[in-house]
Amino acid sequence: MNIFVVNCGSSSLKYQLIDSVTEKVIAKGLCERIGIDGKLTHNPTGKDKFEETVDMPDHKTAVSLVLKALTDEAHGVIKDLSEIGAVGHRIVHGGEKFAKSVVIDDGVMAAIEECNDLAPLHNPANLIGISACKALMPQTPMVAVFDTAFHQTMPKKAYLYGVPYEYYNDYKVRKYGFHGTSHSFVSKRLLQLIGKESGPSKVIICHLGNGSSITAVKDGCSVDTSMGFTPLDGLIMGTRSGSIDPAVVQYLASKLDISLDEVIDILNKKSGVDGISGVSSDFRDLESASNDGNERATVALEMFAYRAAQYIGSYAAAMNGVDAIAFTAGIGENNATVRKMICSYLGYLGFELDEEANSKRGEEIMLSTADSKLKVYVIPTNEELAIARETLELIK
Ligand code: AMP
C-alpha cells in the first residue's frame, strides 16, 4: 500500500509517497509560498525532478497540484488516486489530548483545534492540510501523528513547572516536548541495536538539528525531554536561545523598549548559535568560521556542546544510569566535530570514542569502541517513514 505523508506549514507543504511494503520513497516534494505566489518541487524516484512556479492561493490548491503531479503521465508515479491507501498527517501539538497517533474523524479535528492555542503557528496549518486532503480524497483514511504524543508518558515531576498549580489546571502550562516522532523512531532502533527491545532499558536520544532536543527514554517510554511548553526551551539551537532565566525577558523588554512578544521573537529567531556567533545558524558555517579563528563561532560551538552534555548528565542522573546514547538529525548525523565535543564530556560514564567511526557521516554508526561501557550510536532519523508506519498500523 502507498502512504501519502503530509507535513503542512502555514505557507508550505512537504510530502512523501512511501510504499509501505518496501518502505521506499516513491516520490517526495515541497510546495512553497502558498498564499503568496507558489512553487512546486516534485521529485519522483527514478525520474527527472519537476519544478513548477504556479499560483497557490490556498492549501487545497497546493494539495491538488501535488496529487496531479503524482498521477501525471510524464513525472507521475501512480496511475490514479486509488493507489494511495492512506494519508498520514504530521501534527505539531496534541496537548494532553493525544498520547498516540489516531485515525482522523470530526471529533479528532475538533480536539486538534482545541490545541491551537498551544501552537498557534502550526496546528491551524496542519488542520488546513487535513481539510484539503479530505476534500480531494474523501474516501481515503487519514491518520494524525503528533510531535508531542511520545512525551505524554513523562511523569508529573518532570512535566510540571515550579509555578502555581492553577496555571497547569486552568491554562495547561506544562512541559510538552517536541520531536516525539523522531525520538520514538530513533529510540526503537537504538533498543534493537543494543538488544533491549523488551525489559528494562535506559537510553538518551540527542536530536540535534536546526531545532534540537534531548530525551530520556526509560523502558521504551519518554520520561523527560529538553523542550518544554514550546520548542524554545532546552538546548541552544540554530536561532533559538534554549533555556534562559525568564527574568531576562522582562529586563530586555525594558532596556530595548520593546514588547514581550518582540523579545520572544528575538529568542526564537535571532538567538542561539546564530546570535552568539554573529556568523550563521548553520553548523557547517560555524565550524569553518571557528577553524578560521573566529572566537565567537568557537564559543558558540562550545556552548552548544556544553549544554547538550549537561542534559545528557542530568538524564543519566534522573534514570540512575544510561545504557546507550544516540545522535540523530542534521548535526547529530553529520557533524563529527560537534559529536566529538559532546562525547568529550562522557568519560565518567565509561565512554571511549572510536575516532575513525566518528569521521563517517550520514549513516548508522557505532561511535563507541568495543571496550566502551557506554554504547553511543549515530542513527539517522526518518520522521516521514515513522509517520507512514504509524499510519499503516492504525488503518490495518
Ligand atoms: P536539520 O534541522 O536536522 O536539517 O539540521 C540542520 C543542521 O544540520 C545545520 O546546522 C547543518 O549545518 C547540519 N548539517 C546538515 N548536513 C550537514 C553536513 N553534511 N555536515 C555538517 N553539518 C550538517
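These numbers were taken from a predicted model, which means no experiment stands behind them. Throughout this description, residue numbers start from 1 for each chain and increase along the sequence as written. Thresholds applied to this predicted model are a pLDDT of at least 70 for local features of residues and 80 or more for the giving and counting of side-chain atom pairs; totals over whole chains, interfaces and linings are not thresholded and use all residues. Side-chain measures here rest on the full set of heavy atoms in the structure, leaving out hydrogens and waters.

**A closer look at the packing of helix 7 (residues 247–256) against helix 8 (residues 260–269)**
Two packed helices can be described by the angle between their axes and the distance between those axes.
Line of reasoning, step 1. Contact geometry for helix 7 and helix 8: axes closest at 9 Å, N-to-C directions at 110°. One element, helix 7, and the other, helix 8, form an angle in the roughly perpendicular class. Pair helix 7 / helix 8 crosses with right-handed handedness. Every residue of helix 8 that contacts helix 7 at Val249, Gln250, Leu252, Ala253 and Leu256 is listed here: Leu260, Val263, Ile264, Ile266 and Leu267.
Line of reasoning, step 2. Gly counts as polar in this scheme, as do all residues outside two lists: the nonpolar Ala, Val, Leu, Ile, Met, Phe, Trp, Tyr, Cys and Pro, and the charged Asp, Glu, Lys and Arg. Looking at side-chain class alone, the contact of helix 7 with helix 8 contains nine nonpolar, one polar and no charged residues. The angle between two axes is taken between their N-to-C directions and runs from 0 to 180 degrees, where each axis is a line fitted to C-alpha atoms and a helix contributes only its stretch in contact. To qualify as a helix, a DSSP run of H or I must reach at least 4 residues; to qualify as a strand, a run of E must reach at least 2; elements of each kind are numbered from the N terminus. Angles below 35 degrees are treated as roughly parallel, those above 145 as roughly antiparallel, those between 65 and 115 as roughly perpendicular, and all remaining angles as oblique. We call a crossing left-handed when the near helix sits turned anticlockwise from the far one by less than a right angle, and right-handed when that turn is clockwise. Contacts were defined at the residue level, with two residues in contact if any of their heavy atoms lie within 4.5 Å.

**Focus: the pairing of strand 1 (residues 2–8)**
Line of reasoning, step 1. With a 1.4 Å probe rolled over the protein chains alone, any residue whose accessible area is under 20% of its type maximum counts as buried; one over 50% counts as exposed, and the rest are partly exposed. Most of strand 1 is tucked away: seven of the seven residues are buried.
Line of reasoning, step 2. Burial along strand 1 is two-sided: the face carrying Asn2, Phe4, Val6 and Cys8 and the face carrying Ile3, Val5 and Asn7 are both buried.
Line of reasoning, step 3. Between any two strands, at least two bridges found by DSSP are needed for them to pair. Direction of pairing for strand 1 relative to strand 2 (residues 13–19): antiparallel, over a ladder of seven bridges. Paired with Asn7 across the two strands is Lys14, which belongs to strand 2.
Line of reasoning, step 4. Here strand 1 hands over to strand 2 after four residues, the two strands then running antiparallel side by side.
Line of reasoning, step 5. Note: strand 1 against strand 6 (residues 84–91), five bridges, orientation parallel. Considered in strand 6, the bridge of Val5 is made with Gly88.

**A word on the pattern of salt bridges**
Opposite charge on two side chains permits pairing when their charged atoms draw close.
Line of reasoning, step 1. By definition, a salt bridge exists where a carboxyl oxygen of Asp or Glu is found within 4 Å of a side-chain nitrogen of Lys or Arg. Going through the model one piece at a time under the given rule, you end up with 15 salt bridges.
Line of reasoning, step 2. Ionic pairing is found between Lys134 and Asp106, a salt bridge with its closest N-O pair at 3.8 Å. Of this pair, Lys134 sits in helix 3 (residues 123–136) while Asp106 sits in helix 2 (residues 106–114); the two residues are 28 residues apart in sequence, bridging distant segments of the chain.
Line of reasoning, step 3. We classify Lys134 as partly exposed; its relative accessible area is 27%.
Line of reasoning, step 4. What makes Asp106 exposed here is its relative accessible area of 63%.
Line of reasoning, step 5. Of the charged contacts in the structure, one is a salt bridge between Lys396 and Glu393, with a shortest N-O distance of 3.8 Å.
Line of reasoning, step 6. According to the relative accessible area criterion, Lys396 is exposed, its value standing at 72%.
Line of reasoning, step 7. Residue classification places Glu393 among the exposed residues on the basis of a relative accessible area of 53%.
Line of reasoning, step 8. Three or more residues are tied together by salt bridges with common partners; here these are Glu96, Lys172 and Arg174.

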